[in-house]
Amino acid sequence: MRYLVNLPLIGALLCGGLMLSLTVLTTPRGVDAAMGAAYAIVYSSILFWVLAGFTLLGCTLAGGFDWLPAAGSGSRFVLVLIGFGVIVLLSLLPIGIAIETAGRIESDRWSPAAIWASRAVASGLPLVLLAYAGWQINAPESLRQLPIVRNVALAAVAALIVTGAIVSIQELARWNQKAAARMASQRVQEDEQAAAHRRAFEALTDSDPLFKWDQYTYHSSPDDIRLEALRRIAARPNLESELIAVLDSENPLWASEGVRLVADLAFTPSPALGEAVRRRLDAYAQQLTKEAGIVTHDGDKRLDYYEESRLREALAAARRLAEEPGADLRPQIRAIGRAVALYPKSDMAARFPRDAAETEKQIAARLAAPR
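Read on for an overview of the structure. (Residues numbered from 1 in each chain as written. Predicted model: local features only at pLDDT ≥ 70, side-chain atom pairs only at ≥ 80, totals over all residues. Heavy atoms only, no water.)

## Looking at unusual backbone geometry
Across the chain, the bulk of peptide bonds are trans and the bulk of non-glycine residues have phi less than zero.
No. 1: A cis amide bond links E324 with the next residue in sequence, P325, at an omega value of 20°.
No. 2: Along the polypeptide, P325 turns up in the loop between α13 (308-323) and α14 (330-340). (Helix = DSSP H or I, 4+ residues; strand = E, 2+ residues; numbered from the N terminus.)

What follows is the structure, given as structure tokens:
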């Protein structure tokens, strides 16, 4: 029965020969040829290691590793399996380098020594294992367990494992250096962008339109810039007329910015501004109702992806306007709530009614309080 182990052995040798040919003996010409060679190397490597694993496990069952210090054939089988797994792991990076440098010995990432060492591990390590397995399967009984054969095989495997470990450590160190350099470059770029952002903000004047100031009021800006932008906007002499124009804009995204600014700015809104917010929230409820009938790939979840902040800002603006000038926007909140209910599979369909109910209570309490 042990001679049946020759079947995966022969298959592994054929795959190993193909790998050796593609990585060392062949120089692919052209992009398509190089891509085809890379795919052939990858698939032949996978098949090779699978067949090599079967070969070594079959060799174990045939008594090829009886010299291992293990209590019973089951323990010996587990030891061989673990050892094979360790060898595969140590070979992964050298195999990757061998694939990347197929047909050449020069690279801007690896030295010729690293390339040849990787090829030695990728090709030599499995070859030694297969040669030992082939000997244990096919050699005459009297020669099969010769110590010199075992010792030579162990020495070769140990030397190749050490080589693979060195290549792997060097490659991991190269990865770390590359990652550190990339992070340093990103930090420099982010610092430059932050400095440019700050310079652009400092160049703004009160004559610049509200649209230019608005981009600095998000939490993506540093807190000192964001808070200063909100303070400067709140102090604009024509703020109310500007906000009313924003809220009545035909661009729904820009109109939504008006709702956010009403909620965030430290100023005293007028009844006219309250009516502008009322119109905007009515339009927003109508927009959500209309879009609920449009089938998109996001489905109801589009409410969670794109509308959560706008819904939160609508509630905040309604609370703010209840304080001053005492506007009652509860009908608008209810209209938005009915629109949200048209998205039953969204998270907001469960969350918004609770937040809206709490907001209505706060508005009622504020309107009932003496002024």
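## Remarks on the pattern of salt bridges
No. 1: For the structure on display, the rule yields 20 salt bridges.
No. 2: In this structure, R232 engages D206 in a salt bridge whose closest nitrogen and oxygen atoms are separated by 3.2 Å. Within this pair, whereas R232 is found in helix α8 (residues 223-234), its partner D206 is found in the loop between α6 (147-202) and α7 (210-214), the two being separated by 26 residues in sequence.
No. 3: Residue classification places R232 among the partly exposed positions, given a relative accessible area of 24%.
No. 4: Residue class for D206 comes out partly exposed when judged on its relative accessible area of 49%. (Salt bridge = Lys/Arg side-chain N within 4 Å of Asp/Glu carboxyl O. Buried < 20%, exposed > 50% of the residue type's maximum accessible area, 1.4 Å probe, protein only.)

## Some thoughts on the packing of helix α4 (residues 112-138) against α6
No. 1: Relative orientation of the contacting elements α4 and α6 amounts to 155°, with a least axis distance of 9 Å. Between α4 and α6, the angle falls in the class roughly antiparallel. The hand of the α4/α6 crossing is left-handed. Where α4 abuts α6, its residues A117, S118, A120, V121, G124, L125, V128, L129, Y132 and W135 lie against V149, R150, A153, A156, V157, L160, I161, T163, G164 and V167.
No. 2: Here the contact of α4 with α6 is composed, by residue class, of 15 nonpolar, four polar and one charged. (Axes fitted to C-alpha atoms, helices over the stretch in contact; angles between N-to-C directions. Parallel < 35°, antiparallel > 145°, perpendicular 65-115°, else oblique. Left-handed = near helix turned anticlockwise from the far one by under 90°. Contact = heavy atoms within 4.5 Å. Nonpolar A, V, L, I, M, F, W, Y, C, P; charged D, E, K, R; others polar.)

## Digging into the nonpolar core
No. 1: Counting 47 residues, the largest nonpolar core has L243, V262, L265, L288, L311, I336 and F352 as its most contacted members.
No. 2: If you list the elements that add at least two residues to this core, you get α7, α8, α9 (239-247), α10 (252-264), α11 (271-291), α13, α14 and α15 (348-368).
No. 3: Once residues lying within four places of it in the same chain are set aside, the contact partners of F352 are L311, L315, I333, I336, G337 and V340.
No. 4: Listed in part, the 28 residues of the second largest apolar core include L9, V121, A122 and L130. (Core = buried A, V, L, I, M, F, W, Y, C linked by side-chain atoms within 4.5 Å.)

## Side note on α13
No. 1: If you check α13, its first and last C-alpha atoms are 24 Å apart, about what 16 residues at 1.5 Å a residue would give, namely 22 Å.
No. 2: Taken together, the buried positions of α13 are occupied by L311, E313, A314, L315, A317, A318, R320, L321 and A322. (Expected span 1.5 Å × (residues − 1).)

## Describing the packing of helix α3 (residues 73-100) against α4
No. 1: Two numbers describe how α3 lies on α4: the axes approach to 8 Å, and their chain directions differ by 135°. Of the possible angle classes, the one that applies to α3 and α4 is oblique. The way α3 lies across α4 gives a crossing that is left-handed. Mapping the contact onto sequence places I87, S91, P94, I95, I97 and A98 in α3 and I115, S118, R119, V121, A122, L125 and L129 in α4.
No. 2: Considered class by class, the residues forming the contact of α3 with α4 number 10 nonpolar, two polar and one charged.

## Quick look at the side chain of D214
No. 1: As for its position among the elements, D214 is in helix α7.
No. 2: Among the residues examined, D214 registers a relative accessible area of 4% and is labelled buried.
No. 3: If we skip the residues at most four places from it in the chain, D214 touches I233, W254, E257, R260 and L261.

## A look at a nonpolar patch on the surface
No. 1: On the surface, Y39, V42, Y43, I46, V50 and F54 cluster together to form a nonpolar patch covering roughly 630 Å² of accessible area.
No. 2: Among the structural elements, V42 can be located in helix α2 (residues 31-61).
No. 3: Taking the relative accessible area as the measure of exposure, V42 reaches 34% and is therefore partly exposed. (Patch = residues over 30% accessible without salt bridge, like charges linked within 9 Å, V, L, I, M, F, W, Y side chains within 5 Å. Areas by Shrake-Rupley, 256 points an atom, 1.4 Å probe, with all protein chains shown as cover.)

## Looking at the environment of I225
No. 1: When you line up the elements, I225 lands in helix α8.
No. 2: Residue I225 is classed as buried on the basis of its relative accessible area of 2%.
No. 3: For the pair I225 and L89, spaced 136 residues apart in sequence, the C-alpha separation works out to 51 Å.
No. 4: Discounting residues that sit within four places of it in the chain, I225 has contacts with H197, R198, F201 and Y216.

## Observations regarding the packing of aromatic side chains
No. 1: Enumeration according to the criterion identifies four aromatic pairs in this entry.
No. 2: Ring plane angle 70° and centroid distance 5.4 Å describe the contact between F211 and W254, whose orientation is recorded as edge-to-face. Linking F211 in helix α7 with W254 in helix α10, this pair joins segments that are 43 residues apart in sequence.
No. 3: Taken together, a centroid distance of 6.1 Å and an interplanar angle of 85° make the contact between Y305 and Y306 edge-to-face.
No. 4: You can call Y305 exposed: its relative accessible area is 52%.
No. 5: What makes Y306 partly exposed here is its relative accessible area of 43%.
No. 6: Aromatic rings pair up to connect F201, W213 and Y216 into one cluster.
No. 7: One residue, R119, lies across the ring of W116, its end atom 5.0 Å from the ring centre.
No. 8: Sitting over the face of the ring of Y218, R260 holds its NZ or CZ atom 4.2 Å from the ring centroid. (Phe/Tyr/Trp six-rings, centres within 6.5 Å; stacked < 30°, edge-to-face > 60°. Lys NZ or Arg CZ within 6 Å of the ring centre and 35° of its normal.)

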